[in-house]
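What follows is each chain in one-letter form.
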Amino acid sequence: MYLNKFLGLALVAGLTGAASVATAADITGAGATFPFPIYSKWADAYKKETGNGLNYQSIGSGAGIKQIQAKTVTFGATDAPLKKEDLDKSGLVQWPMVMGAIVPVVNIDGIKPGEIVLDGKTLADIYLGNVKKWDDDAIKKLNPKVSLPSTAITVVRRSDGSGTTFNFTDYLAKASSDWQSKIGSGQAVEWPVGVGARGNDGVAGNVAQTKNSIGYVEYAYAKQNKLTYTGMVNKAGKHVQPTIEAFQAAAANADWAHSPGYYQILTDQPGDKSWPITAATFILMYKDPADKAASSEALKFFSWSYDKGGKMAEELDYIPMPASVVGLVKKTWADEIKSK
Amino acid sequence: MNSIYASRRRSDKIIKVLCYAAAIFGVGWLCLILYTLLVNGLVGLHPRIFTQMTPPPGVQDGGLLNAIVGSLIMTSIGVAIGTPLGLFAGTWLAEYGRYSKLTGVIRFVNDILLSAPSIIIGLFVYGAIVVPMGGFSGIAGSIALAVIVIPVVVRTTEDMLNLVPNHLREAASALGMPRAYVITKVSYSAARAGLITGVLLATARVAGETAPLLFTALSNQFWSVNLTSTMANLPVTINNFVNNPDPNWKQLAWTGALLITVTVLSLNIIARTLGAERKPK
Amino acid sequence: MTDMALEPARAAAEPAFDRARALSAFKLGDKTFFWVTRLSALFVLIILGGIIVSLIIGAWPAIRTYGFDFLFTQRWAPSLQPTPILGALGPIYGTIVTSLIAMAIAIPVGLGIAIFLTELCPMPLRQPIAVAIELLAGIPSIIYGMWGFFVLGPFLADHFEPAIVSAFENVPILNTIFQGPASNLSLFNAALVLSIMILPFITAISRDVFATVPPVLKEAAYGVGCTTWEVVRNVVLPYTRVGVIGGVMLALGRALGETMAVTFIIGNSFKISGSLFAPGTTISAAIASEFAESDGLHQSALILLGLLLFVLTFCVLTAARLMLRRLERKAGA
């Protein structure tokens, strides 16, 4: 009787194995959670138009870089760009796909989105643990008309290797010499305080759940989940709200044509209207890929996203790459990525 | 004199109240957890859970089909691999190994494996299978589940076979049956209910396991029946969805959690009703 | 075969039975079955050996780089170049603290439920309540994690913890242990969820060992006039002491290794702080959160953490099994 049962199960397993067909034309990628909302929107539309799907694992920039280096995916995605030497060493090509912004989000009773304003130095002090309560003088000075509770701040930060963290800490290091000397910038830093959450979505989820908390997320996460974002004080000393005009003002400063490997950090840009924590997110692919068919499928998707995805990006308040940059990137593809 | 009686009675009453409170505490948590699961999960129990794939965030639609199918595949393969191995190992321990020193060692090691943290099993399968294979795969996940199934089946098989009275075996041998037949046709039949209980308990155990699948099968947003690549499964999918504030994903996570819990608890209850008469006293 | 004895004509008509061939077929079948079962049993040993070997191989780079200091370093900086500074003190501290607190809550409650089920419960309710407690053990740990994250965490942070924080605000040592801010994610919340998870194990084993007490001993105590509590304290518990401790150690082994329930609710912070309401991490939570994106020395250090956990649970489970085995032998199993 057991033999029969065992045979039956073995048959099921065998049939399953026999029926297993690799889903054709699925492009595989992994990496940053920063662009995940717009990548999945593009993937949805691309699948409706061409029937090819995108299997993107939103596991963080650090894991994305690791996976592309291990060649387990066709492309990697990261908001922390690799330097040209590292690209050359690994045989990778890097280019910016879309730009977005990082906003601080808070969860305080009675505070509406955009009602309070923070600046770089205060943000750094909160994340250093120097500013412990919401009614601290530093925060009150920036928000004289808002009544803030006397509760302790629960800091939420990333627990995984993150390009979002890379850009956020880069900004904090520029804004606060204290932060620069004690912590520095990177994909994963030694956070002095705070609870760790995985991915932009984890931070968003945690802030939504925890009262009197603060976190940093890509703006689409704040918008999609109706979180309370804050305004910021930019390099020019002006108060700015996270709007697409502010992001575009910051992004306009980037000089893509003269950056080797398209390496550009967009935090703390000059300009009256610029949002201080803007970032581009990058794609990594091999110059000489092992699976050239998969590679060219992926490039078709990216080309489609450049040409037709601009409006979808703007709906989520991401900034599509300007046409001149798209032209440069396509030329890079033609020059550097082997398709045969 | 009376004061001593009174104080004894008092402390007895206090302890009795505390014990009642403890029982209410224990049963209360179970009810609370099940209630939360039902309230949050039932709301999202539409037919589309079983007909559509996992959606990207921000979409109102979508279901858990690929995760459910992937879980079914990996659980069945895991149980299919683990049950015969466990069955045969338990048989050896009960039937052949009664006087061998090796038996004690194997039983001891089996008990250790039974309670080993499942994340260690995941690490083991990662090093032994995922790294040489070069990537995450459904088969690695199934093997991790099989490694968890084996000790459970070994333990229950051995216990159940030990309960079979010896005179049944002696009668069969006296008729001239070879040892293998005695075991398979007599002992197994006698212990059948208990053996099935063991397999059901093992299945219930692995149906909800997340940690071993975290770095072996990972997860997949699409339909995945290819055993050599990442395979969607319910526990890891729930893990990914829970952290995300997207309300649709959260709803799917709760419904998936409800599905897993109902499956696991039903398997447990069926196993216990089957094994009730055979419980060793 | 009796039908052949009753019908000799039919028996004579059958072809002569090749006894030798049948016997050798039996012998082959026996030998095959013996070896199949024996190899399967040995396979269990191979699995354990495989686990230990693969953990050691994976952890070797970290062992070589850090040596014993790994156990005493608090700093966890995987991105430092050229060599990351990694230390296990944070996870070890978190593991031990959460497990101890979980035990402190679960032991009295678990024993209380066991006493309730064996002495106090009315007969018709006994089986349903026992099954209910065992169902608690069957609920997968990710469900506990979700429930802790969405239900218990906010409840504790909003109602329970602020009360404790203000209650102990001026008591010298306790105000460090119970320092705010109250958080959804903390060592205490994780310990509470863990205690609910291991409760059923203590109850189940205690119930089993309580049942081995010879009724005559209890009856004698009742006959002399002892109250229920006195019987339990003076007869049942001393008799079953070893078994109960074995069950407690088993539950401890489970608590040490619990992953999913803890990961959601513990806050993932490698820093050690004096307060129970601060976030922390345990060994399994650290591995679960960081493994997927680790490589090189970082990954090796995580595997080393896994090895430490395995050694720890191995020792605890060995002690548990030894104690339980002694009791089983005494009960005549």
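Caption draft 1: Representation of the overall build of chain B. Counting secondary structure elements, chain B contains 11 helices and zero strands. Taken from the N to the C terminus, the helices and strands of chain B come in the order α-α-α-α-α-α-α-α-α-α-α. Whereas a compact globule of 281 residues would reach a radius of gyration of roughly 19 Å, chain B reaches 24 Å, over 25% beyond that. Structurally, chain B occupies a C-alpha span of about 70 × 70 × 35 Å along its principal axes. Buried positions account for 60% of the 281 residues belonging to chain B.

Caption draft 2: Representation of the interface of chain B and chain C. Tallying the contact residues gives 76 residues for chain B and 73 residues for chain C. Between chain B and chain C lies a buried interface of about 6,900 Å² when both sides are counted; carbon and sulfur atoms form 81% of it. One can count three salt bridges joining chain B with chain C. With a shortest N-O distance of 3.0 Å, B:Arg272 and C:Glu134 are connected by a salt bridge. Between chain B and chain C we count 10 residue pairs in polar contact (both at pLDDT 80 or more) in total.

Caption draft 3: Region of the structure containing the sheet that holds strand β5 (residues 117-118) of chain A. All names here are of chain A. An order of β5-β10-β11 is seen for the three strands of this open sheet, with the pairing classed as mixed. Bordering the open sheet on either side are β5 and β11 (239-240), each of which pairs with just one other strand. For strand β10 (residues 231-233) and β11, the ladder comprises two bridges, and the chain directions are antiparallel. Of the residues in β11, the one forming a bridge with Met 232 is Val 240.

Caption draft 4: Region of the structure containing the packing of helix α1 (residues 2-42) of chain B against helix α11 (residues 247-275) of chain B. All names here are of chain B. The N-to-C vectors of α1 and α11 enclose an angle of 130 degrees; their axes lie 8 Å apart at closest approach. By the angle between their directions, the pair α1 and α11 is classed as oblique. Crossing geometry of α1 relative to α11 is assigned as left-handed. Counting all contacts with α1, which are made through Leu 34, Thr 36, Leu 37, Leu 38, Asn 40, Gly 41 and Leu 42, the residues of α11 involved are Gln 251, Trp 254, Thr 255, Ala 257, Leu 258, Thr 261 and Leu 265. For the contact of α1 with α11, the residue count by class is eight nonpolar, six polar and no charged.

Caption draft 5: Spotlight on the side chain of A:Lys66. Structurally, A:Lys66 can be placed in helix α3 (residues 61-69). Residue class for A:Lys66 comes out buried when judged on its relative accessible area of 18%. Sequence-distant contacts of A:Lys66, that is, excluding residues within four places in its chain, are made with B:Tyr126, C:Phe291, C:Ala292, C:Glu293, C:Ser294, C:Asp295 and C:Gln299.

Caption draft 6: The side chain of C:Thr228, seen in detail. In this structure, C:Thr228 sits in helix α10 (residues 228-239). Relative accessible area serves as the criterion here: at 13%, C:Thr228 is assigned to the buried category. Other than its neighbours up to four places away in sequence, C:Thr228 contacts B:Asp12, B:Lys16, C:Glu119, C:Leu120 and C:Tyr222.

Caption draft 7: Broad picture of the packing of α1(B) against α10(C). As a packed pair, α1(B) and α10(C) sit with axes 8 Å apart at the nearest point and diverge in direction by 80 degrees. Of the possible angle classes, the one that applies to α1(B) and α10(C) is roughly perpendicular. Residues B:Arg8, B:Ser11, B:Asp12, B:Ile15 and B:Lys16 of α1(B) form the contact with α10(C), whose participating residues are C:Thr228, C:Trp229 and C:Glu230.

Caption draft 8: Structural detail: the pairing of strand β4 (residues 92-107) of chain A. Residue and element names in this part refer to chain A. With 16 of its 16 residues buried, β4 lies for the most part within the structure. Two strands pair when backbone bridges link them, and β4 and strand β12 (residues 278-286) are joined in this way by nine bridges, in the antiparallel orientation. Residue pairing in the sheet places Val 98 in a bridge with Thr 281 of β12. Relative to strand β13 (residues 319-320), β4 is paired through two bridges, and the arrangement is antiparallel. Pairing of Val 98 across the sheet is with Pro 320, part of β13. As paired strands, β4 and strand β8 (residues 213-218) are joined by six bridges and run antiparallel to one another.

Caption draft 9: Here's a closer look at α1(B). Between the first and last C-alpha of α1(B) there are 58 Å, a value that for 41 residues agrees with the 60 Å anticipated at 1.5 Å per step. Listing the buried residues of α1(B) in full gives B:Asp12, B:Ile15, B:Cys19, B:Ala22, B:Ala23, B:Gly26, B:Trp29, B:Leu30, B:Ile33, B:Thr36, B:Leu37 and B:Gly41. Elements that come into contact with the buried residues of α1(B) comprise α11 of chain B together with α4 (89-120), α5 (123-138), α6 (141-167), α8 (187-210) and α10 of chain C.

Caption draft 10: Layout of helix α10 (residues 234-242) of chain B. Counting buried residues along α10(B), eight of its nine residues qualify, which places the element largely inside the surrounding structure. Listed as buried for α10(B) are B:Leu234, B:Pro235, B:Val236, B:Thr237, B:Ile238, B:Asn239, B:Phe241 and B:Val242. Next to the buried residues of α10(B) lie α2 (65-96), α8 (192-207), α9 (211-214) and α11 of chain B together with α6 and α12 (260-265) of chain C. N-cap assignment for α10(B): the residue whose side-chain oxygen lies 3.0 Å from the backbone N of B:Val236 is B:Asn233.

Caption draft 11: The nonpolar core, seen in detail. The biggest cluster of nonpolar side chains holds 291 residues, and the ones touching the most others in it are A:Trp42, A:Trp95 and A:Phe302. Sort the elements by how many residues they give to this core and α8(C) lands first, with 15 residues. Here this core spans two domains, and each of domain 1 (2-66) and domain 2 (72-332) of chain C adds at least three residues to it. Discounting chain neighbours no more than four positions away, the residues touching A:Phe302 are A:Phe75, A:Trp95, A:Met97, A:Ile283, A:Met285 and A:Trp333. Counting residues in hydrophobic clusters, the runner-up holds nine residues, among them A:Ala30, A:Ile65, A:Leu82 and A:Leu92.

Caption draft 12: Inspection of the environment of B:Ile129 at higher detail. All names here are of chain B. As for its placement among the helices and strands, Ile 129 is situated in helix α4 (residues 118-133). In this structure Ile 129 comes out as buried when scored by relative accessible area, which is 18%. Along the chain, Ile 129 and Phe 215 lie 86 residues apart, while their C-alpha atoms are 11 Å from each other. The residues touching Ile 129, leaving out its near neighbours within four places in the chain, are Ala 140 and Ile 143.

Caption draft 13: Representation of unusual backbone geometry within the structure. Residue and element names in this part refer to chain A. With phi around 60 degrees, Asn 212 is a residue other than glycine that occupies positive phi space. One can find Asn 212 in the loop between α9 (199-209) and β8. Of note in this structure, Tyr 262 is not a glycine but carries a positive phi near 55 degrees. Summarising the element assignment, Tyr 262 is placed in the loop between α11 (244-251) and β12. Classification of Tyr 262 as buried rests on a relative accessible area of 8%.

Caption draft 14: Main features of the packing of aromatic side chains. Residue and element names in this part refer to chain A. In the structure shown here, the tally under the stated rule is 41 aromatic pairs over all chains. The interplanar angle of 10 degrees and the centroid separation of 4.0 Å between the aromatic rings of Phe 168 and Tyr 216 together place this pair among those described as stacked. Placement of the pair is Phe 168 in helix α7 (residues 163-175) and Tyr 216 in strand β8, with a sequence separation of 48 residues. Linked through ring pairs, Phe 36, Tyr 39, Trp 42, Tyr 46, Tyr 56, Phe 75, Trp 95, Phe 301, Phe 302, Trp 304, Tyr 306 and Trp 333 together constitute an aromatic cluster.

Caption draft 15: Structural view of the pattern of salt bridges. Summed over all chains, the structure comprises 31 salt bridges over all chains. A:Glu297 serves as the salt-bridge partner of A:Lys300, at 3.2 Å between the closest nitrogen and oxygen. Placement of the pair is A:Lys300 and A:Glu297 together in helix α12 (residues 292-308), with a separation of three residues, close to one helical turn. On the accessibility criterion, A:Lys300 (49% relative accessible area) is partly exposed. The partner of B:Arg155 in a salt bridge is B:Asp111, with the nearest N and O atoms 3.8 Å apart. Of the two residues, B:Arg155 is situated in helix α5 (residues 138-163) and B:Asp111 in helix α3 (residues 101-115); the sequence distance between them amounts to 44 residues. Relative accessible area serves as the criterion here: at 23%, B:Arg155 is assigned to the partly exposed category. Overall, B:Asp111 belongs to the buried group, its relative accessible area being 1%. Sharing partners across several salt bridges, the network here consists of A:Lys84, A:Asp88, A:Lys287 and A:Glu336.

Rules of the game
For every chain, the first residue of the written sequence is number 1, and numbering continues from 1 onward in sequence order. Both sets of labels track the order of writing: A upward for chains, 1 upward for ligands. The model is predicted, so local features are restricted to residues of pLDDT at least 70 and side-chain atom pairs to those at 80 or more, both for listing and for counting; the totals for chains, interfaces and linings are taken over all residues. Side-chain metrics in this entry use all non-hydrogen atoms of the structure; hydrogen atoms and water are not considered. Secondary structure elements follow DSSP: runs of H or I of four or more residues count as helices, runs of E of two or more count as strands, with numbering from the N terminus. The globule rule used here is 2.2 Å times the number of residues to the 0.38 power, and the radius of gyration it is set against is calculated over C-alpha atoms. Relative accessibility under 20% of the residue-type maximum defines a buried residue, over 50% an exposed one, and the middle range a partly exposed one, all with a 1.4 Å probe and only protein chains included. Any pair of residues with heavy atoms lying within 4.5 Å of one another is described as a contacting pair. In short, buried area is how much 1.4 Å probe accessible area vanishes from two parts on joining, totalled over both. Salt-bridge detection follows one rule: a side-chain nitrogen of Lys or Arg within 4 Å of a carboxyl oxygen of Asp or Glu. In protein, a polar contact requires one atom able to donate a hydrogen and another able to accept it; more generally it is a pair of N or O atoms within 3.5 Å, and residues adjacent in sequence count only if both atoms are side-chain atoms. Pairing between strands is defined by DSSP: at least two bridges between them are needed. Note on geometry: axes are lines fitted to C-alpha atoms, helical ones only across the stretch in contact, with angles between N-to-C directions running from 0 to 180 degrees. Working definition: roughly parallel below 35 degrees, roughly antiparallel above 145 degrees, roughly perpendicular at 65 to 115 degrees, and oblique for all remaining angles. A clockwise turn of the near helix away from the far one marks a right-handed crossing, whereas an anticlockwise turn of less than a right angle marks a left-handed crossing. Residue classes follow a fixed rule: Ala, Val, Leu, Ile, Met, Phe, Trp, Tyr, Cys and Pro count as nonpolar, while Asp, Glu, Lys and Arg count as charged, and any other residue, Gly among them, counts as polar. An expected span of 1.5 Å times one less than the residue number is assigned to each helix. Joining through side-chain atoms within 4.5 Å is the link that ties buried Ala, Val, Leu, Ile, Met, Phe, Trp, Tyr and Cys residues into a set, and such a set is a nonpolar core. Domain segmentation is taken from an automatic or database assignment of domains. The rule is short: rings of Phe, Tyr and Trp, with Trp giving its six-membered ring, pair when the centres are within 6.5 Å, and they are stacked under 30 degrees, edge-to-face over 60, tilted in between.

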